[in-house]
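# Chains, contacts and geometry: an overview
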Amino acid sequence: MRELKDKKVLMDDESIRRGLVRISHEILEKNKGTENLVLVGIRTRGVPLAKRVAAHIQEIEGKSIPVGILDITLYRDDLSTVTQQPIVHKTEIDFDVTGKILVLVDDVLYTGRTVRAALDALIDLGRPSQIQLAVLVDRGHRELPIRADYVGKNVPTSNQEVIHVALEEIDGEDQVILQELV
Amino acid sequence: MSSLKSKHMLGLDGVTREEISLILKTAEAMKEIFTRKVKKVPTLTGKTVVNLFYEPSTRTRASFELAGKMLSANMMNLSSSSSSVVKGESLIDTGKTLEAMGADIIIMRHSAQGSCKLLSQHVKASIINAGDGNHEHPTQALLDMFTIKEKKGQIEGLTVLIVGDILHSRVARSNIFGLLTMGAKVRVVGPATLIPVEYKKLGVEVFYTLEDALQGADVVNILRIQRERQKKGMFPSIREFHRFYGMNERIIPYLKDDVLILHPGPMNQGVEIDPIIALDDRAVIEEQVTNGVATRMALFYLLAGRGNQNEDLN
């Protein structure tokens, strides 16, 4: 079993906050306000990120927008190859997505397979007028034709490296660390 | 813990608390799919699931079928009356045939105890026991526990009473194993001829008077009187059973205000349960049906990743 070694702190709590504030402004600018706007966080770490973006938007525009939680486990394309079945959690989207501008939020964009699964899951829930993608870190190495509309930080990485995102709500602190398999 | 130890679900005897909790937690996520417009997810695309029923069944078979279809599996239904069983094919040969067709999961109901275990020793597919004689019916107990957990918040510490023909009931047996594992107190009540005293050794409280047994019970699970298994005269008459052990108007004063009333169905109204109980707000018999599909989906999901693995049987 190979171990992970911390290599570098990519983002601290302040730079995460600034990244999310910028993303919130970009979302509002691109969509000209909050009309029909909804956010959906991908479990696990996309959820607190989506809630934070919603809070920033509330601060900026004074309007609250709905936030949903998406679990993509049942849509994964590797279920027949992994030996340990990932635990399925509940999807909690208590609003109709049809006709909405839906911003999907996740922590790291890597191969694009999670986003592919999320798109399939969302389309089963209804027909949003648009789906956009916001991520805290884009680390490259896409295996599918998928790109993000809003990016907190672009980080060129090698396949030997791992991006570890820690968030206050889940991990007790805000930090993005570059780690290496040794 | 994110997987089950066995690739089969033959019974709840020996299944751990962590495993049962995992199934119930997964079922909770599966139930959400019912609230969607498109009640289907692609999880089991390409997997083949077979319903192999040697005994009649409507709801269990339909429940498994819907669970498989909601997960996008290829479902096949075989019943003994319309298959090569009537031509004399053995169980193992039927299993081998299904294996050759690529079955990943076989759900079996059979009148002989241990038949599911026998099949599991001869085919590579995961076997789910949908009732083998009077041995076990684990998915019914799992959906009962899921319903209890959903309505009561937890299972541990609750007093659960099982009423009726305990002796012939595979539902009772699986519930007893599962509930005790989850930390519930289990009581049984029924005519002395229909209660196996061995259950006392497991820690089950045995009652012979319904009114006494109901005192303090948080959950009452009413078993169907299986008329097809009552030919030996274990009690004098259906009418007498109804009078002493039927859940009817007479017992209403003995029910807790927040009691949860379960029945695995199909109900013999006027025998073990009267309409006044079945229609009571505290009865969740129809919801058990929905929960049954969610629980079976959870089991399919958890077993599907195990289908191609070998393991030793013990």
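Residues numbered from 1 in each chain as written. Chains lettered and ligands numbered in written order. Predicted model: local features only at pLDDT ≥ 70, side-chain atom pairs only at ≥ 80, totals over all residues. Heavy atoms only, no water.

## So, the overall build of chain B
Put simply, the test is: Working definition: helices are DSSP H or I runs of at least four residues, strands are E runs of at least two. Numbering for both runs from the N terminus. Based on C-alpha atoms, the radius of gyration is set beside the globule rule, defined as 2.2 Å times the residue count to the power 0.38. Type-normalised accessible area, obtained with a 1.4 Å probe on protein chains alone, sets the label of each residue: buried when under 20%, exposed when over 50%, and partly exposed for intermediate values. By definition in these notes, contact holds between two residues if any of their heavy atoms fall within 4.5 Å. Here the Shrake-Rupley method, with its probe set to 1.4 Å, supplies the accessible areas, and only the displayed protein chains count as covering residues. Two residue types count as positive, namely Lys and Arg, and two as negative, namely Asp and Glu; His and chain ends fall outside the count. Lys charges are placed at NZ, Arg charges at CZ, Asp charges at CG and Glu charges at CD.
Summing up its helical and strand segments, chain B has 10 helices and nine strands in all. Taking 314 residues into account, the globule formula puts the C-alpha radius of gyration at 20 Å, and chain B, at 19 Å, falls close to it. With respect to the principal axes defined by its C-alpha atoms, chain B has extents near 55 × 45 × 35 Å. With 314 residues in all, chain B has 57% of them scored as buried. Long-range contacts, defined as pairs at least 24 residues apart, comprise 74% of the intrachain contacts of chain B with a sequence gap of at least 6. For chain B, the accessible area works out to roughly 12,900 Å², and carbon and sulfur atoms hold 52% of it. In chain B, the 39 positive side-chain charges and the 35 negative ones have mean positions that sit 4 Å from each other.

## Let's talk about the interface of chain A and chain B
Here is the rule we go by: Computed with a 1.4 Å rolling probe, the buried area is the accessible surface lost when two parts are put together, summed over both parts. By definition here, a salt bridge exists when the distance from a side-chain nitrogen of Lys or Arg to a carboxyl oxygen of Asp or Glu is within 4 Å. Gly is placed with the polar residues, together with every amino acid not listed as nonpolar (Ala, Val, Leu, Ile, Met, Phe, Trp, Tyr, Cys and Pro) or charged (Asp, Glu, Lys and Arg).
With 19 residues of chain A at the interface, the matching set in chain B holds 24 residues. Considering only the side of chain A, the residues that lose the most area to chain B are Leu 74, Gln 85 and Val 88 of chain A, jointly responsible for 33% of the buried surface there. Counting the contacts that link chain A with chain B gives one salt bridge. We note a salt bridge from Lys 37 of chain B to Asp 96 of chain A, for which the minimum N-O separation is 3.9 Å. Its residues assigned to classes, the side of chain A that touches chain B shows eight nonpolar, eight polar and three charged.

## Looking at the environment of Met 30 of chain B
Position of Met 30 of chain B among the secondary structure elements: in helix α1 (residues 17–32). Look past the residues within four positions of Met 30 of chain B in its chain and what remains in contact with it is Leu 74 of chain A together with Leu 71, Ala 294, Met 297, Ala 298 and Tyr 301 of chain B.

## A few points about the sheet that holds strand β9 (residues 260–262) of chain B
Residues and elements named next belong to chain B. The cut-off we apply is this: Any two strands with at least two DSSP bridges between them are considered paired. Interaxial angles span 0 to 180 degrees and are taken between N-to-C directions of axes, which are lines fitted to C-alpha atoms, for helices over the stretch in contact.
Pairing in this open sheet of five strands is parallel, and the strands run β7-β6-β5-β8-β9 from one edge to the other. In the strand order of this sheet, the two ends are held by β7 (205–207) and β9, each with one partner. Pairs of neighbouring strands in the sheet enclose a mean axial angle of 20 degrees, with direction left out of account. Pairing analysis gives three bridges linking strand β8 (residues 219–222) to β9, with the strands arranged parallel. In the sheet register, Val 219 faces β9, and the bridge partner there is Leu 260.

## Focus: the pairing of strand β2 (residues 74–79) of chain B
Residues and elements named next belong to chain B. Let me state the cut-off plainly: We call a crossover right-handed when, viewed with both strands directed away from the observer, the connection leading from the first strand over the helix to the second proceeds clockwise.
Sheet topology note: the strand β1 (residues 48–53)/β2 ladder contains six bridges and is parallel. Within β2, the position partnered with Leu 52 by the bridge is Leu 78. Following the backbone out of β1, through helix α2 (residues 59–70) and into the adjacent parallel β2, one traces a crossover that is right-handed.

## Side note on the domain arrangement of chain B
Residues and elements named next belong to chain B. To keep it simple, the criterion reads: How far each domain reaches was decided by an automatic or database domain assignment. N or O atoms closer than or at 3.5 Å make up a polar contact, with two conditions inside protein: a donor-capable atom paired with an acceptor-capable one, and, for residues adjacent in sequence, both atoms drawn from side chains.
Examined at the domain level, chain B breaks down into domain 1 (17–137 + 289–304) and domain 2 (138–285). Using C-alpha coordinates to define each centre, domain 1 is positioned 25 Å away from domain 2. On the domain 2 side, the residues contacting the 28 residues of domain 1 number 30 residues. Between domain 1 and domain 2, roughly 2,400 Å² of surface is buried when both sides are summed, and carbon and sulfur atoms account for 57% of that area. Contact with domain 2 buries surface across domain 1, with Arg 17, Leu 24 and His 137 losing the most and accounting together for 29% of the total. Where domain 1 packs against domain 2, one counts four salt bridges. Taking the shortest distance from any N to any O, the salt bridge between Lys 31 and Glu 150 comes out at 2.7 Å. Linking domain 1 with domain 2 are 15 residue pairs in polar contact (both at pLDDT 80 or more), by the criterion used here. Contributing elements (two or more residues each) for the side of domain 1 that touches domain 2: α1, α2, β3 (105–110), β4 (126–132) and α10 (285–304). A per-element tally of the side of domain 1 that touches domain 2 places α1 first, with eight residues.

## Here we look at the packing of aromatic side chains
The following threshold applies: Here the aromatic set is Phe, Tyr and Trp, taking the six-membered ring for Trp, and pairing holds for ring centres within 6.5 Å; pairs whose planes are under 30 degrees apart are stacked, those over 60 apart are edge-to-face, and all others are tilted. Over a ring means this: the NZ of a Lys or the CZ of an Arg is within 6 Å of the ring centre and within 35 degrees of the ring normal.
Following the criterion strictly, the structure yields three aromatic pairs over all chains and no others. With centroids separated by 6.0 Å and ring planes inclined at 40 degrees, the aromatic side chains of Phe 64 of chain B and Phe 300 of chain B adopt a geometry described as tilted. Note that Phe 64 of chain B is positioned in helix α2 and Phe 300 of chain B in helix α10, a separation of 236 residues in sequence. Each of the two residues, Phe 64 of chain B as well as Phe 300 of chain B, counts as buried. Of the aromatic side chains, those joined through ring pairs into one cluster are Phe 235, Phe 241 and Tyr 245 of chain B. Over the aromatic face of Tyr 110 of chain A sits the side chain of Arg 139 of chain A, whose NZ or CZ is 3.8 Å from the ring centroid. Cation over ring: Arg 296 of chain B sits above Phe 64 of chain B, and NZ or CZ is 4.7 Å from the ring centre.

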